[in-house]
There are 2 protein chains.
Amino acid sequence: MGILHLSKEGGVKMQRYFVETPLNSQMRVELSPEDSHHLFTVMRANIGQTLELVDKTQHVWLAEVEEIYSKKSGLLKVIKPLEIPQIELPIQITIACGLSKNDKLDWIVQKATEMGMTHFQPLALSRDVVKWAANKQADKIDRLQKIANNAAQQSKRLRQPDILPVRTLKEFIHNCPQESAKLVAFEETAKEGQHGALKQALTQALPGGHLIMVFGSEGGLEISEVELLQRSGFEACSLGPRILRAETAPLYALAAISYHYEL
Amino acid sequence: MGILHLSKEGGVKMQRYFVETPLNSQMRVELSPEDSHHLFTVMRANIGQTLELVDKTQHVWLAEVEEIYSKKSGLLKVIKPLEIPQIELPIQITIACGLSKNDKLDWIVQKATEMGMTHFQPLALSRDVVKWAANKQADKIDRLQKIANNAAQQSKRLRQPDILPVRTLKEFIHNCPQESAKLVAFEETAKEGQHGALKQALTQALPGGHLIMVFGSEGGLEISEVELLQRSGFEACSLGPRILRAETAPLYALAAISYHYEL
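If you're wondering where the values come from, they're calculated on a predicted model, not measured in any experiment.

*Asks:* Please clarify how the side chain of B:Asp55 should be interpreted in this entry.
*Replies:* All names here are of chain B. Topologically, Asp55 is positioned in the loop between strand S5 (50–54) and strand S6 (60–69). One buried charged residue, Asp55, remains without a salt bridge, the closest side chain of opposite sign being Lys56 at 9.5 Å. A polar contact of 3.1 Å, which involves the side chain of Asp55, links it to the side chain of Trp61. When residues no more than four places from it in sequence are discounted, the contact partners of Asp55 are Val19, Thr21, Pro22, Leu23, Trp61 and Leu158.

As C-alpha cells, then:
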C-alpha cells in the first residue's frame with residue numbers, strides 16, 4: 001500500500017509507490033497489481049492525479065494518472081524527477097536472524113525496515129524454537145517481503161529491503177560477500193565488558209560498504225555456532241550491558257548504526 | 001515473574017527478584033505476593049535454595065529460602081551482597097508518549113525497559129487516536145507497571161521503571177523537573193536536515209542527570225503542542241531521515257542513548 005504524505009509543494013497529499021523498472025520523463029508505466037488495487041480501488045485515483053514513483057536506482061519521480069482501465073488499474077505518465085534528500089544509510093545492512101515464534105520476525109522486519117535495513121536473512125539455527133517446514137518457506141518469505149515493502153513506503157525509504165531465502169548457518173556463511181564487515185551479537189561479549197566492536201566496525205566501514213550482523217532467536221546462539229562464525233570472519237559484539245530480547249537486539253543495532261552515521 | 005539466568009559461580013540457574021526495602025546481610029524478607037507465587041508455586045523452591053534480590057538502592061544480594069509457609073510463600077534470608085557490573089544508563093530517561101491504540105504502549109514499555117528507560121509518562125495529546133476513560137486509568141497504569149517490572153527482570157535491570165499517571169501536556173510540562181534536559185521528537189526537524197539535537201543533549205548531560213523525551217502517538221504532535229513544549233524549554237530533535245512509527249521512535253532514541261554512553 002502507498003501512504004499519504006504532504007508534498008513539498010504545499011499541503012497536497014501524494015501517494016508514493018515503488019516500481020521495478022528504471023524511469024525517465026515521459027515514460028508510461030503501470031503499477032504492480034497490488035499497488036494498482038490500492039491506487040485505483042482503495043484511493044479512487046482520477047485521471048490527472050499526481051503521485052510519486054521510486055525506481056530501482058532510488059530516484060523519485062513525479063507522475064500522473066493518464067488512463068484508467070475499468071476502475072481497477074491504469075497507466076501512469078512520468079513527469080519529472082524530484083529532488084529528495086538522502087534518506088538511506090551510507091552502508092548496506094544485512095540483518096540475519098534465527099527463527100522466532102509468533103509474529104516476532106514480522107516485527108523485526110517491519111521495524112528494521114523503518115530503521116534502514118537493506119537485506120534480511122532468516123537463519124535456521126540449532127536453538128530456534130520454531131522450524132519452517134520446507135513447503136511453507138516460500139510463503140513465509142513472501143509474507144515478510146510484503147511487510148518490508150509496506151514499511152519501506154511508510155518510512156519513505158528509497159529502497160525495499162530484500163528478504164532472502166532461509167539458510168542454515170553453513171549455507172549463510174558460504175554465501176557471505178567476502179568484503180563485508182561481519183558481526184555476531186553475543187551476550188557473553190557484553191558480560192565480559194567488551195562493548196567496542198560495533199562502534200569499531202562502523203568507524204572502519206567505508207561508504208557504500210556492507211555490514212552483516214547475526215542475531216540468535218529466543219533460544220540464543222550455541223557456542224559452537226558463535227565459534228563457527230568467528231572462524232569465518234565474524235567478530236562477536238555487545239549491544240550494551242542489558243540483556244535484550246531476540247526481537248529487540250536487531251532494532252537496537254540499527255538505531256545505533258543510524259545514530260552513528262546520521263545524527 | 002523472576003527469570004532464570006546463569007550465575008557467575010558456574011552454571012547454576014538463579015532467580016532474581018526486586019524488593020521494596022533496603023537490604024542487609026542476615027536480614028529476613030518476604031517477596032511480593034506475585035513473586036512469592038512465582039518462586040514457591042511455579043518454581044517450587046525448596047528450603048536452602050539460593051536466589052538474587054535487588055533492592056531499591058540498586059544493590060544485588062545473594063539470599064536463600066529459610067522457611068516455606070504451606071507451599072505458597074516463605075521467608076528469605078539475605079546472605080551477602082553480590083558484585084554486579086554497572087548495567088544502568090548513566091542518566092535517567094523519561095519517555096513521555098501520546099496514547100496509542102492496541103498494544104503499542106505495552107510494546108513501548110517492554111522494549112524501552114529493556115533499553116534502560118527509568119520513567120514512562122503517558123500523555124493525553126490532542127491527536128491521540130485513543131482516550132483513556134477516567135475510571136480505567138489506574139488499571140492501565142497498573143498493567144504497564146507489571147509489564148515494566150517483568151521486562152526489568154528479564155533484562156537484568158537494577159531498577160524497575162516508574163510508570164507515571166497519565167497527564168495532559170500542560171500538567172506534564174508543569175511537573176517537569178527544572179534541571180532536566182528536555183527534547184521533543186519532531187519529524188519536521190528531520191525534514192529540515194537538523195539532526196544534531198539528540199547528540200548535543202547527550203554530550204552535554206551530566207552523569208546522574210535526567211533527560212525527558214516527548215513523542216507523539218500515531219497521530220503525531222500538533223504544531224501548537226510542539227511550540228508549547230519549545231516555549232517550556234524542550235528542544236525539537238530529529239531521529240534520523242527516515243519516518244519512524246510512533247512505537248519505533250522511543251526505542252530508536254533509547255538505543256541511540258545507549259550507544260552514545262555504553263558502546
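*Asks:* So what exactly am I meant to see when it comes to the sheet that holds strand S4 (residues 28–29) of chain B here?
*Replies:* Two pairing modes exist for strands in a sheet, parallel and antiparallel, and in both the strands are linked by backbone hydrogen bonds. Residues and elements named next belong to chain B. A sheet is described by the order of its strands in space; here five strands give the open sequence S3-S5-S6-S7-S4, paired in mixed fashion. In this open sheet, the two edge strands, each paired with only one partner strand, are strand S3 (16–18) and S4. The pairing of S3 with S5 spans three bridges and is classified as parallel. Within the sheet, the bridge partner assigned to Tyr17 lies in S5 and is Leu53. Each of S3, S5, S6 and strand S7 (73–82) is contacted by helix H1 (residues 33–42), which is oriented at about 90° to S7, the strand it contacts most.

*Asks:* I'm lost on the confidence of the model for chain A in this one. Help?
*Replies:* Residue and element names in this part refer to chain A. Chain-level statistics for chain A give a pLDDT mean of 90 and a share of 95% at 70 or above. Low pLDDT, under 50, characterises residues 1–12; the predicted model gives this stretch 30 contacts beyond four residues in sequence or across chains. Both scores are available for the predicted complex, with the pTM at 0.88 and the ipTM at 0.86.

*Asks:* Quick question: what am I supposed to make of the relation of the copies chain A and chain B here?
*Replies:* Two chain copies, one operation linking them: a rotation about an axis together with a shift along it. Of the transformation superimposing chain A on chain B, the axial component is 0.0 Å and the angular component is 180°, with the fit at an RMSD of 0.0 Å. Each copy turns onto its partner about a two-fold axis. Across chain A, the rotation axis passes nearest the C-alpha of A:Ala256, at a separation of 2.5 Å. A share of 100% of the interface residues of chain A reappears at the interface of chain B, consistent with the copies meeting face to face through the same patch.

*Asks:* Could you clarify how one ought to interpret the nonpolar core in this entry?
*Replies:* Note on soluble globular proteins: their nonpolar side chains tend to be buried together. Core analysis: the largest hydrophobic core is formed by 84 residues, its most contacted members being A:Leu239 and B:Leu239. Leaving out residues up to four positions away in the same chain, B:Leu239 has contacts with A:Leu263, B:Ala185, B:Leu198, B:Met213, B:Phe215, B:Leu244, B:Ala249, B:Tyr252 and B:Ala253. The next biggest cluster of nonpolar side chains, apart from the first, holds 17 residues, and it includes A:Phe186, A:Leu229, A:Phe234 and A:Ala236.

*Asks:* Where do I start with the packing of aromatic side chains in this structure?
*Replies:* To describe a pair of aromatic rings, one takes the distance between the centres and the angle between the planes. According to the stated counting rule, one finds four aromatic pairs over all chains in the structure shown. Taking the centre distance of 3.9 Å and the plane angle of 0° together, the rings of A:Trp107 and B:Trp107 count as stacked. Taken together, the positions of A:Trp107 in helix H2 (residues 104–114) and B:Trp107 in helix H2 (residues 104–114) put the pair across two chains. Taken individually, A:Trp107 and B:Trp107 each receive the classification buried, so the pair is uniform in this respect. With 5.9 Å between their ring centres and 45° between their planes, A:Phe172 and A:Phe234 make a pair best called tilted. Linking A:Phe172 in helix H4 (residues 169–175) with A:Phe234 in the loop between helix H7 (223–231) and strand S14 (235–237), this pair joins segments that are 62 residues apart in sequence.

*Asks:* How should I be thinking about the interface of chain A and chain B in this particular structure?
*Replies:* How large an interface is tends to be reported as the accessible area lost when its parts come together. At the interface, 39 residues of chain A touch 39 residues of chain B. Buried surface at the junction of chain A and chain B, summed over both partners, amounts to about 3,700 Å²; 57% is from carbon and sulfur atoms. When the buried surface of chain A facing chain B is broken down by residue, A:Arg242, A:Tyr259 and A:Leu263 rank first, second and third, together holding 23% of it. Elements supplying a minimum of two residues to the side of chain A that touches chain B: H2, helix H3 (137–154), helix H6 (197–204) and helix H8 (249–262) of chain A. A total of seven residues in the side of chain A that touches chain B trace back to one element, the largest contributor, which is H8(A). Considered class by class, the residues forming the side of chain A that touches chain B number 16 nonpolar, twelve polar and eleven charged.

*Asks:* Help me understand the side chain of B:Ser100, please; the structure alone is not making it clear to me.
*Replies:* All names here are of chain B. Within the secondary structure, Ser100 sits in the loop between strand S8 (92–98) and H2. Residue classification places Ser100 among the buried positions, given a relative accessible area of 7%. Within the structure, Ser100 has its side chain in polar contact with the side chain of Glu218 (distance 3.1 Å). Sequence-distant contacts of Ser100, defined by excluding residues within four places in its chain, comprise Leu105, Val130, Ser217, Glu218 and Ala246.

*Asks:* Please clarify how the sheet that holds strand S7 (residues 73–82) of chain A should be interpreted in this entry.
*Replies:* All names here are of chain A. Ordered by their spatial adjacency, five strands build an open sheet running S3-S5-S6-S7-S4, and the pairing between neighbours is mixed. Among the strands making up the open sheet, the edge pair consists of strand S3 (16–18) and strand S4 (28–29). With two bridges connecting them, S4 and S7 associate as antiparallel partners. What sits directly across from Val29, in S7, is Leu76. Here helix H1 (residues 33–42) sits on the sheet in contact with S3, strand S5 (50–54), strand S6 (60–69) and S7, set at roughly 90° to S7.

Here is what the cut-offs are and how they apply
- Residues numbered from 1 in each chain as written.
- Chains lettered and ligands numbered in written order.
- Predicted model: local features only at pLDDT ≥ 70, side-chain atom pairs only at ≥ 80, totals over all residues.
- Heavy atoms only, no water.
- Helix = DSSP H or I, 4+ residues; strand = E, 2+ residues; numbered from the N terminus.
- Buried < 20%, exposed > 50% of the residue type's maximum accessible area, 1.4 Å probe, protein only.
- Lys, Arg positive; Asp, Glu negative; His and termini not counted.
- Salt bridge = Lys/Arg side-chain N within 4 Å of Asp/Glu carboxyl O.
- Polar contact = N/O pair within 3.5 Å; in protein donor to acceptor, adjacent residues only side chain to side chain.
- Contact = heavy atoms within 4.5 Å.
- Pairing = 2+ DSSP bridges.
- Axes fitted to C-alpha atoms, helices over the stretch in contact; angles between N-to-C directions.
- pLDDT = per-residue confidence, 0-100.
- Least-squares fit on C-alpha atoms with pLDDT ≥ 70 in both.
- Core = buried A, V, L, I, M, F, W, Y, C linked by side-chain atoms within 4.5 Å.
- Phe/Tyr/Trp six-rings, centres within 6.5 Å; stacked < 30°, edge-to-face > 60°.
- Buried area = accessible area lost by both parts, 1.4 Å probe.
- Nonpolar A, V, L, I, M, F, W, Y, C, P; charged D, E, K, R; others polar.

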